[in-house]
Each structure stands twice: as C-alpha cells, then as structure tokens.
Amino acid sequence: MKTRIAFLLLPLVLSPHCLRAETVMPLHDGWRLQSACPVKAEGETVSTPAFKDDGWLKTAVPSTVLAAQVAAGVVPDPYFGDNLRKLPGTSYPVGQNFSNLPMSADSPYACAWWYRKAFVAPAAAAAGEHYWLLFGGINYRGEVWLNGHRIADGSEVAGAYRTYRLDVTEFLAPGKENVLAVKVTAPTEKDLGINWVDWNPAPPDKDMGLWGAVALVESGAVTVESPLVVTHFPDATLDTAELTVYAELHNATDKTVKGTVAGTAAGAPFEQAVELGPHEDRTVVFAPEQFPALRIHNPKPWWPFQMGNAHLEKVTVSFSVQGQETGEKSAEFGIREITSELTVHGSRLFRVNGKPILIRGGGWSQDMMLRTNAKRLRDQFRLVRDLRLNTIRLEGKMETDDFFRLADEQGILVMAGWCCCDHWEHWKSWTPEDLQIATASLRSQMLRLRNHPSLLVWLNGSDNPPTPEVERAYLRVEAQTHWPNPILSSATGATTTVTGESGVKMTGPYDYVAPGYWYLGLRYGGAAGFNTETSPGPAIPSLASRRKFLPDPEAWPPSADWSLHNGGGGFVNLKVFDEAMEAIYARPASAAQYERIAQTMEYDSERAMFEAYAKNKYDSTGVIQWMLNNAWPSMIWHLYDYYLDAGGGYFGAKKACEPVHIQYSYDDQSIVAVNSTYAAVKGLHATVEIHNPAWKKLYSAEGTVDLAADSAERVFAIPESLFAGAERTFLIDLTLKDAHGQIVSHNFYWVPGMLTTFDWQTTEYTHTPAARQEDLTALANLPPASVSAHAEAMTSAKGREIRVRLENHSQILAFQVRAAVRTKAGDLIAPVLWSDNWIELTPGETTTLTALLPDETTGEPVVEVEGWNVAPVTLTPQLVAEK
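Parameters at a glance
Residues numbered from 1 in each chain as written. Predicted model: local features only at pLDDT ≥ 70, side-chain atom pairs only at ≥ 80, totals over all residues. Heavy atoms only, no water. Pairing = 2+ DSSP bridges. Helix = DSSP H or I, 4+ residues; strand = E, 2+ residues; numbered from the N terminus. Axes fitted to C-alpha atoms, helices over the stretch in contact; angles between N-to-C directions. Contact = heavy atoms within 4.5 Å. Left-handed = near helix turned anticlockwise from the far one by under 90°. Disulfide = S-S within 2.5 Å. Buried < 20%, exposed > 50% of the residue type's maximum accessible area, 1.4 Å probe, protein only. Core = buried A, V, L, I, M, F, W, Y, C linked by side-chain atoms within 4.5 Å. pLDDT = per-residue confidence, 0-100.

1. Overview of the sheet that holds strand E9 (residues 141–146)
Pairing is antiparallel in the open sheet, where six strands are placed in the order E4-E3-E6-E12-E9-E10. A single partner strand is all that each edge strand has here, and the edge strands are strand E4 (57–59) and strand E10 (149–152). On average, adjacent strands in this sheet sit at an angle of 30 degrees to one another, irrespective of strand direction. Relative to E4, strand E3 (residues 31–35) is paired through three bridges, and the arrangement is antiparallel.

2. Looking at the environment of aspartate 759
Tracing the sequence through the fold places aspartate 759 in the loop between strand E40 (757–758) and strand E41 (770–772). When the C-alpha positions of aspartate 759 and alanine 770 are compared, they lie 5.7 Å apart, and in sequence the two are 11 residues distant. Not counting the four nearest positions on each side in its chain, aspartate 759 is found in contact with Thr768, Pro769, Ala770 and Ala771.

3. Quick look at the packing of helix H4 (residues 374–387) against helix H5 (residues 401–410)
Two elements in contact, H4 and H5, have axes separated by 11 Å at closest approach and are oriented at 35 degrees. Crossing of H4 over H5 shows right-handed handedness. Contact residues: Leu377, Arg378, Phe381 and Arg385 in H4; Asp402, Phe403, Leu406, Ala407 and Gln410 in H5.

4. A word on the state of the cysteines
Here a disulfide denotes one covalent bond, and it connects the sulfur atoms of two cysteines. Summed over all chains, the structure comprises two disulfides. Disulfide partner of cysteine 420: cysteine 421, at an S-S distance of 2.0 Å. Where cysteine 420 bonds to cysteine 421 through sulfur, the torsion about that S-S bond is close to -85 degrees, and the disulfide is left-handed. Of the residues examined, cysteine 420 reaches a relative accessible area of 2% and is grouped as buried. You can call cysteine 421 partly exposed: its relative accessible area is 27%. Take the cysteines of the protein that form disulfides and number them in order along the sequence; they join up as 1-2, 3-4. With no disulfide partner, cysteine 419 has as its closest neighbouring cysteine sulfur the one in cysteine 420, 5.0 Å distant.

5. Observations concerning the nonpolar core
With 260 residues, the main nonpolar core has Phe135, Leu180, Leu210, Tyr664, Ile732, Trp834 and Val863 as its most contacted residues. The element contributing the most residues to this core is helix H12 (residues 591–615), with 11 residues. Setting aside chain neighbours within four positions, we find leucine 180 in contact with Leu27, Trp31, Tyr115, Arg116, Lys117, Phe119, Leu133, Phe135, Val144, Trp145, Leu146 and Val214. Membership of the second largest hydrophobic core comes to nine residues, among which are Val39, Val46, Trp56 and Trp114.

6. Quick notes on the confidence of the model for the protein
Looking at the protein as a whole, the pLDDT averages 96, with 98% of positions reaching at least 70. Segment residues 1–20: pLDDT under 50, and 68 contacts once partners within four positions in sequence are set aside and those in other chains are kept.

7. Structural notes on the environment of tryptophan 424
Relative to the helices and strands, tryptophan 424 resides in the loop between strand E28 (413–417) and helix H6 (432–449). In this structure the C-alpha to C-alpha distance between tryptophan 424 and serine 462, which are 38 residues apart in sequence, comes to 9.5 Å. The residues contacting tryptophan 424, other than those within four sequence positions of it, are Tyr161, Leu192, Gly193, Trp418, Cys419, Trp430, Ala438, Ser441 and Tyr474.

Okay, structure coming up:
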C-alpha cells in the first residue's frame, strides 16, 4: 500500500496552543548526521534499529548540515575572519551568487546527507488513530524512510519552502522504538532553493538539510487544519466586523465520514454538518450571511502598534462524529482588514482598517546557516519597535512560526514573498516540475501564513514579475487558499498583462548617497511612491563588534578579511562610500576615525531617507530600508549589526521616525513638523537656530503649528539668501514643544552651503554618482569641546538601566557624541536600547541619555563616551537606589 502524503494542505504548526486535539511529539533532539558517500547501506537498512550509526555527528533539528558541523566544532566558525573561504566546498568566486553556480564535484555537500533518529512512539490512545510525520522545511530533495519502509522519495519531497505531512500509520510501531531516516540532497543551480543574492556569501552546503521542525502527530480519522478568519468592516466606524471562517478538513480513512464542523471565532459560535468521501480534502466556509453570529458588534480591532493595540482573538474549529471529536485546531487571529489602492500618482497605498499607513520598514534576514534562537528573535523585535518602524520585509526567507506570532503580538506588519536573482526568477527555463514545486511551495506558505494579522502583502516576485503563465498559476493558488491580503506581482514598478501596475518601485540606491538625494531624486529612489528596497549603503560595525569577527579589527588600512564581509555583486567593495567620506568629511587616518565618520554619514543619510518619505506622505507611500539586519557580520546594509549593536544609522532612523517630529528639508530649506500618530496635536511651538562652526548665530525663527492626525505641515522656510553667503557649513538646531512647553522633538543638522549635485544620467542600480560632492570638512576641524559625563546605574520597572548625564561646558558645539555600554574589558554588550545617541550638545547644554541593558547582563558594565571633538572617557556607573 502506498503511503498517502498530504504535501500541500497542511502546514507544520508546532505551537501547543494550536494543536489541541492532536498529540504532538516534537522530534528535536537525538538526531545523528552523516554524509551518504561513505554509507554503503540504503534507506531500508539505515532506518532500522539494527543499523549502527556510531561515529555519526550528533545534532538537533532544525539544523542545516553546516550548522550541525559548526555546533559540534567539526569546522571553525565560518563567520570569523576568512574561515568561510577555507571551508571545503567554498570554491565559488568571492562576491558571486552561489545559488546560480554548481557545487564543485569534490565538495562534501555534493553528496547526499543522512539525518537519522531513533525514538519511542507513544502508545495508541484509541483504536483507529492515525500517525503523521510533519516536516517544516527540507532543503532540497529528500527520501523519507521509517522502520525500513520508504515513505516518500526525491520526486515527492522537493522544494525548500514546502511543508509536508506524511501519513505513516501503516509503518509506525506505537509504544515501541522506531527509526526515522531522511536522506537530503542539496539544491542545484537549477532548483528553487534558498539563496542570499548579494547580501552576503552563501554557505558551502547551500543550506541543505532539515531546516524546519520535525514532529510526530497522532490524530483522529478527520483532521482540521489552517483555520482562517477574514474580516470585513462594512463602514468606517468599525462598529461592526463581519467575519468569515475557513478551515481545511482531511479524511484520513478510505471510508465516507459524516460529522459536524463547529467552533467559535471571537466568541461567536458556528456549526454545520459535513460529509467527507474517502481521503477527501475539503475547505469548509462559515460566512456571516449564513451564520449571523459572525457579525461582531463593537469589536476590538487589531492594529499595527503605532496605530493602536495589537489585540488578538481566538478561533477554534473542530470536527466530531456522533459527538466524539476527531480533530480540532485553535489559532489566534486579529480582527483587521488590510486593503491597498493606487493613488492619483499611481503609488501603492496600504490601509489598515480603512486608515492609510505610511510603510516604514526594513528588509529582514535569517542567520546565514538558518539557525534560530528564541531570545535573539525577541530582541530583534524589541529593536524594530525601538526604531519605530512598522514593517518587516521578507524576500524569500520564510521565517519560523515564532517570528509570525511575535509580529502578531507586537503589531509589526510583514511583507512576504519570493526571492530574486536565481532559479526562482528564471521562469523561461522552468520545467513542469519547477512550476509544480513553486505552486506547492506557495500553497504551503499561504496556508501557514494566511491567518496572521501581521501579514500586509504577498509578492509573487521580487526583482521581476513572473511570466503570465506563472503569475496566473500563483494567483490560482492564492484564490484557492483564500489569501485575505493584497497581492503584488513583484517589488518593482514593472507592469504585467495579468494584474497591471504594481504601484511600487525598486529603483535603489543601495550604495552611499548624500542626504539631499532623498529629496531631489524623486524619479529614482527619492521620496515618491513606494520604494520596496533602498538604502545609503555601508554600515560599519563598532570596534566591539569587529572584535567578534575579525582577527585585526583595528587594522588600518583595512585588511583583506574586512572586505570578505562586504556584499556581493556590485557591493564587493566600499569604494563609493570611502570616496564620498574623503571628499565630504576627511581622509581617515585610523580605523577608529573611519568608524566615527562612517557612523555620522550613516546617521545623516538614513535620517534624511525616512524624513523625506514622511514629509511627502501620501505622495510617498512607503520605504523599506535595505536592510534591517544581516545574515552574518557585515560591513553593509543594516540598522543594527549581526550582534545586535546599534550604530549611527540606527539612531538616525529612530530620530526620523519619532511619533511627533520636526525636521529640515534639503530641497526647499523648509522646516516641517510631522505627526505620525492618529490623533491631532495642537498648539505646537517650533524654533530654529542656525550657527556656523565657530558657533556664531546666523539665523533664528519660531512659529506655531497645529498638526492633524497622520499629517505633515510646513512651519516656515529658511531664507535661501542665508545659504548664498560666504559660510560653507550650517549647524541647524530644531526644537518642537507642546502646548505645555515640553520638548516633543529635538533635531540637529549639519548642512553644506552647496549640496551634492548628482549625475542623474549615469544612475546605476547601485546608486546615482555625485557630479560634485558637498563640503563638510570644517567638521573635522572643530576645536575640542569640554564635556563632563556622569553615569548612574539602577533598576527600574523596565529592567536594569544606566543613565548618562552630559554637559557641554565650552563655547563650541560638541559634535556627534556617542555613548556605549561595554564590559570592563571593552567587549560588546548588546542589544542596548538607548533613548538617543550620536547627539550634539550646544554650548552650555545638558542632557541625559538612558540605556536599557539586556536582561542577561552580568558584572559591572562601563560606559564609553566620545565624540568628534570630545575626548574619549570611560565611566564606571554609580549605583543608586531602585527607581
């Protein structure tokens, strides 16, 4: 008898609160791993208790092959120095996309690898029980064997982003020892695998292995999977929510089954009789037209965290036969409706529960070896909220269930979709099997993700839209699975014959551009429309971070090891960034000076990018920083680094995304107040003071402004004549106070008399070259500022805190002052949530910075304080009473 395999309908969900009627046995620990090349036995032998796996590598699952080797110490840490390039199988040229290249014949990963686990299955709870093996991700092809029987082969198990639910009832031995063996083959250059584009190198195993969770499930005859609740609000009051409930039923038997499907959604009951044929799969639907209880009055909507509370409800769906339950599934959902439309300018505008939202987010990366860590994941969501971003974009990289659960709970929107730049977008060379794998992968992900309120949109392509045939195939799957959110053909502005205009753009840049670019380059990557990926490029980690991945973190000039941690493709070097640094600021004479100037450049351009998009809303409708984080320690594309340390770019972005904010406009010298909240703010008072580097006052003004909800208003403009004089550098100090005189926003700029001009005609995908660079060299020659610093350590309701009081005693500006928490040995402590950082202190100014330390911080940390013209000092915080 051939084992029945439910490949498409049933995604792996291991969370206990989602598996109530089923008994789940996670198969996490106790695995053994070995290359298949030296193993002469086949699966029917390897998957029996008599087979000896002595000498095989011990591991846990999920784990790729390389990740298991690293964890066991078989190979050195590939993230340190040039270790990755020394690993067997890393023979591809530096900077090239390995997913498009074949493995070398002598690579240890060109062989298949065996994953083997012996386990005692639970005794059957009742007669007629069914047993399933659940796989959350196999990269790429797999043979699955249990107790000497082949359950599935490489033609049936193929595709990195598919999930599998294999019926093993016939072959499992309940209450006895069982042996599971999975033979995994890596993706080739012609497979729909996992790739890293130009973000970072790829591991030599191409992330082959059991990268998703594995479990044994015991169920009844009819299972319930993938409950979905779709919300529609009839009007803008949100007083009534109309809910439609979907669930997937599977009859595991060869007989017709009659029963009842029943459940509740947000407390509202529903029920209907169902008859399932032998081995039938069916989607059941409960609509408010037939089930009036699903019209919820005075609901509690789910909102992104900046718009309101991310309130979650519960849906439960069960199947019973003559009163005996055979299957049940519960899940959390949000009462929310996400829609999108094209503005009059053709830009994609998203709405949550009818309200427009300016998407401000970052591109997410998993660990390069697909390793997971629950605390690290929570820490990164804390950083996203601290940055005041509302969206994470996933280009491929289908994250764990925990990721999406946290996004739901934290009120963070998620853009998800397929990756670019390898076989995923080589549609013209696809075989029929490729299309089958792609649509099966999509079905798996649709059913896994569709109920999460955090999901904003699905992208069927990234750098290109699919061909009409593939796009139609994708849309059929999305319709069949009742995907409830907007769908885009790609992350680009390309129009398709199937769905028309996308309403988004992917015009870059990805390398350094001066701040003015974001206001002036509206036809390109500047603040118009929805830019799905863009950034000012390099992001140099701190010395404390560099010590963790470089053998020579203070080398100057940088060693070759540094460059291995650049990007790929057009980003294998930092030439554009380095040349701009030398022209605009100074030629660095040390690694410390290079880091300091780099952090300032990142702060300045990241801030301008987010501010420009906020000023122009809703002519601009969204911007995604490329990227938010890194897959490994990197010199490019992050707001916080691989070790979760935040640099200048992080604080520039955080400043720009303040809820109520004052900012300078590089295009028209205006001062603009931005309200990113959804409540009006009246009686605000704005002031501007402009000085030269010697702190001579050149200009001042003040004014009042009322801000409507979710708005941007021009307060006043600085006279153009001011910038036409002899001064070359202008220091612009902005303050916005509320009606009670409390500061709600403070912002400081260093602006050249003549902005960088751009050679628009030579724009490349990486950036637009500068025709003439701006001049801010005066900042490198500021006289020393006298700044006193005092630190206190305490425990508050938030956790362990350090407060740093800074005072500028001199008559000169203290420029780009940075505080960092370190161990006494100077090692990194991260993530640290600072109230602000990389700040300016005007003459006589006093301010206090607050740092919230990680819970696991031990010992007595110190605080390092330094600035461009502030001598470094290391403080030992004074312990004070708990607050």
